[in-house]
Amino acid sequence: MQRATFGALALRSDMPNVVLLLAALAFAGCDVFESSEPVAFTRIALPARPVLVNGTTVVRGDYQLSAFTRSVNDSLISVPTIDFDRQTVLGVFYGGSFHAGCRGNVETIEGIRLAGDALIVEVGPLPDLGPCRAIVYPSDMVVVNARATSVRFVGAVPQ
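This write-up is about the structure you can find in this document. Predicted, not measured: the structure shown is a model, and the values here were computed from it.

Counted according to the given criterion, the structure contains four salt bridges. Salt-bridge contacts for Glu107 lead to Arg43; the nearest nitrogen and oxygen are separated by 3.7 Å. Residue Glu107 is located in the loop between β7 (100-101) and β8 (109-115), and its partner Arg43 is located in strand β4 (residues 41-43); the two are separated by 64 residues in the primary sequence. Here Glu122 makes a salt bridge to Arg113, at a shortest N to O gap of 2.4 Å. Since its relative accessible area comes to 25%, Glu122 is described here as partly exposed.

Here's what the structure looks like:
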């Protein structure tokens, strides 16, 4: 009986199914270890006026941005000049649920990575909003220096 040794794993030559299984597992796991690179982003300061939506948004153009602004509140968002050929606006909003606190601007977008042709937005938990009893509408919006065909929000994403 012949043996082939791969590191600490010894396989008998009469076990071709084991080799095929290991190869299939190795190829299936390639997506798990997908490489990604961090993407720079800049926060957009939102005014104290409420954003009444709950969830996330991806804005890829001037028309989308003005339509989004009008849909949530007239003259809500004052953004820097954005080059939508190279940049994307991403937002996370908690306006559909009751939240009491002192502030609505939050920093829940913890990081953004570019993995292949997808932006992966890492959303952290909603922080303490302060001891006030005012109703607030927590929001976080950023401009990223990247364009991608898809965007995935992962982590503590509002539903």
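Right, let's get into the sheet that holds strand β12 (residues 150-155). A sheet is described by the order of its strands in space; here four strands give the open sequence β3-β8-β9-β12, paired in mixed fashion. The sheet terminates laterally at β3 (37-38) and β12, the two strands that pair on one side only.

Per the stated rule, a full pass over the model turns up one disulfide. Note that Cys102 is cross-linked by a disulfide to Cys132, the S-S spacing being 1.9 Å. One disulfide, between Cys102 and Cys132, carries an S-S torsion of 95° and so falls in the right-handed class. Within this pair, whereas Cys102 is found in the loop between β7 and β8, its partner Cys132 is found in the loop between β9 (118-123) and β10 (134-135), the two being separated by 30 residues in sequence.

Structurally, Thr108 is set in the loop between β7 and β8. Residue class for Thr108 comes out buried when judged on its relative accessible area of 0%.

So, on to the nonpolar core. Grouped together as the largest cluster of nonpolar side chains are 15 residues, with contacts concentrated most on Leu90, Ile112, Leu119, Val121, Val144 and Phe153. When residues of this core are traced back to their parent elements, those giving at least two are β6 (88-94), β8, β9, β11 (139-144) and β12. If sequence neighbours within four positions are ignored, Phe153 has contacts with Thr56, Thr57, Val58, Leu90, Gly91, Val92, Val121 and Val123. With 12 residues, the next largest nonpolar core counts Ile44, Leu65, Met141 and Val143 among its residues.

Conventions we followed
- Residues numbered from 1 in each chain as written.
- Predicted model: local features only at pLDDT ≥ 70, side-chain atom pairs only at ≥ 80, totals over all residues.
- Heavy atoms only, no water.
- Salt bridge = Lys/Arg side-chain N within 4 Å of Asp/Glu carboxyl O.
- Helix = DSSP H or I, 4+ residues; strand = E, 2+ residues; numbered from the N terminus.
- Buried < 20%, exposed > 50% of the residue type's maximum accessible area, 1.4 Å probe, protein only.
- Pairing = 2+ DSSP bridges.
- Disulfide = S-S within 2.5 Å.
- Core = buried A, V, L, I, M, F, W, Y, C linked by side-chain atoms within 4.5 Å.
- Contact = heavy atoms within 4.5 Å.

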